[in-house]
Each structure stands twice: as structure tokens, then as C-alpha cells.
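# Inside the fold
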Amino acid sequence: MQATDITGQRYGRLLAVFRVDATRPMWRCACDCGDSVDVLSQSLRAGRTISCGCWKTTSEAKAKRGKARTTHGLTGSPTYISWAHMKERCTVAKCRQFKWYGGRGVKVCARWANSFEAFLADMGERPKGRTLDRFPDAAGNYEPGNCRWATPVEQAATMRRARKATQ
């Protein structure tokens, strides 16, 4: 079987210059940065190798990779943290607060559990100084219509209080 000649073809930042291995389809490629690298032709054609390695470290590459992984750009924001903690205390048994939430049967609706964007659309950005509160049904689930961004005073008014048993 004759290997395809890719001499002169460009793959990302690489230009195939000549075949270097007679037993495998390996090509010497010149990178735009000035270095050269030997790459399997299938890796070039599949787009798995697009540079000599320099592309991984450029700020342009980092920006493109970051954009490709970004869905909403709010990871780490107060709203995202509230959403993540809500899910954690209702679903992760090792969470310190699980016994008061998921352990008591409090659930997060499927719409919010599966999508931060849906939570954001329903609740909006978390205002400064407020936290997520289940209201008007403090014993209910986390779902649209039963949650609000509450002040510390509002939050305290709906908080369960532990009562000491008397004999």
C-alpha cells in the first residue's frame, strides 16, 4: 500500500517537508515558530498535532483553549458558587451539610441540577450580601418558585432551629 504524499501540505502551524521513516508514515514538519518536529501523518490529518509544542504555551493558544471550554464565563462567581454548593449539600453524602439537606430528602430540580445556565436564567445574578434561600416553603426543594436571594435577616427567619430534648 502506497502512503499518501503530504509534502507541502499545512496542518495548523506545521508544514510537511519530507517523509523521514520508510516503515511508518512519519513526516518532518517545519513549525511556524522555526522549529521542526517529526509527526505521524495520521496525527496530522486528524488534527491531533498542530504544532511542535510551542502552540501550547502561547497566550493566543491559551485564550482559544479557554474560550472553547467556556460555556457561561461565570465559574467562580458568587452565583455559580451558590449553585454548586446547593447541588453539593443535596447530593454529596460526604458534604458536611448533607444531613440537613439531601439526608432529609431535599432535592434540586432536574432543570437546575443539570444546568447552571437554567439556574441563572431563573434566579438571576446573586446580589451582594444575599444567599440562596428556600422560600416560601423552607422544607421544600430547590426549584423555581421556591427560592430567592435572601438577606441574612430573611435567611435567619426561615432557618430550622435545633431544639434540645427535655425529659
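Residues numbered from 1 in each chain as written. Predicted model: local features only at pLDDT ≥ 70, side-chain atom pairs only at ≥ 80, totals over all residues. Heavy atoms only, no water.

### A closer look at the sheet that holds strand β3 (residues 26–31)
Taken together, the 4 strands give an open sheet; going across it, the order is β1-β2-β3-β4, and neighbouring strands pair in antiparallel fashion. Taken across any chain shown, the strands that pair with only one partner, and hence form the sheet edges, are β1 (10–11) and β4 (36–40). Bridge count between β3 and β4: 5 bridges; the pairing is antiparallel. What sits directly across from W27, in β4, is V39. (Pairing = 2+ DSSP bridges. Helix = DSSP H or I, 4+ residues; strand = E, 2+ residues; numbered from the N terminus.)

### Notes on a nonpolar patch on the surface
Taken together, the side chains of V17, F18 and V20 make up a nonpolar region of the molecular surface, amounting to roughly 210 Å² of accessible area. Along the chain, F18 turns up in strand β2 (residues 14–21). Residue classification places F18 among the partly exposed positions, given a relative accessible area of 38%. (Patch = residues over 30% accessible without salt bridge, like charges linked within 9 Å, V, L, I, M, F, W, Y side chains within 5 Å. Areas by Shrake-Rupley, 256 points an atom, 1.4 Å probe, with all protein chains shown as cover. Salt bridge = Lys/Arg side-chain N within 4 Å of Asp/Glu carboxyl O. Buried < 20%, exposed > 50% of the residue type's maximum accessible area, 1.4 Å probe, protein only.)

### Brief notes about the environment of F116
Locating F116 in the fold gives a position in helix α5 (residues 116–123). Residue F116 is classed as buried on the basis of its relative accessible area, which comes to 3%. For the pair formed by F116 and T75, sequence separation is 41 residues and the distance between their alpha carbons is 9.5 Å.

### What to know about the packing of aromatic side chains
By the definition in use, this model includes 7 aromatic pairs. Ring centres of Y80 and W83 lie 5.2 Å apart, and the angle between their planes is 50°; on these two criteria the pair is classed as tilted. Highlighted residues: Y80 and W83, both in helix α3 (residues 78–91), separated by 3 residues, approximately one helical turn. Looking at W83, the relative accessible area reads 8%, which means it is buried. A ring pair is formed by F116 and F119, whose centres lie 6.5 Å apart and whose planes are at 35°; its orientation type is tilted. With F116 and F119 both in helix α5 and 3 residues apart, this pair spans about one turn of that helix. A connected cluster of aromatic rings, assembled from ring pairs, spans Y80, W83, W112, F116, F119 and W149. Seen from the ring of Y101, R89 lies directly overhead, with NZ or CZ sitting 5.1 Å from the centre. Sitting over the ring of F135, R148 keeps its end group 3.7 Å from the ring centre. (Phe/Tyr/Trp six-rings, centres within 6.5 Å; stacked < 30°, edge-to-face > 60°. Lys NZ or Arg CZ within 6 Å of the ring centre and 35° of its normal.)

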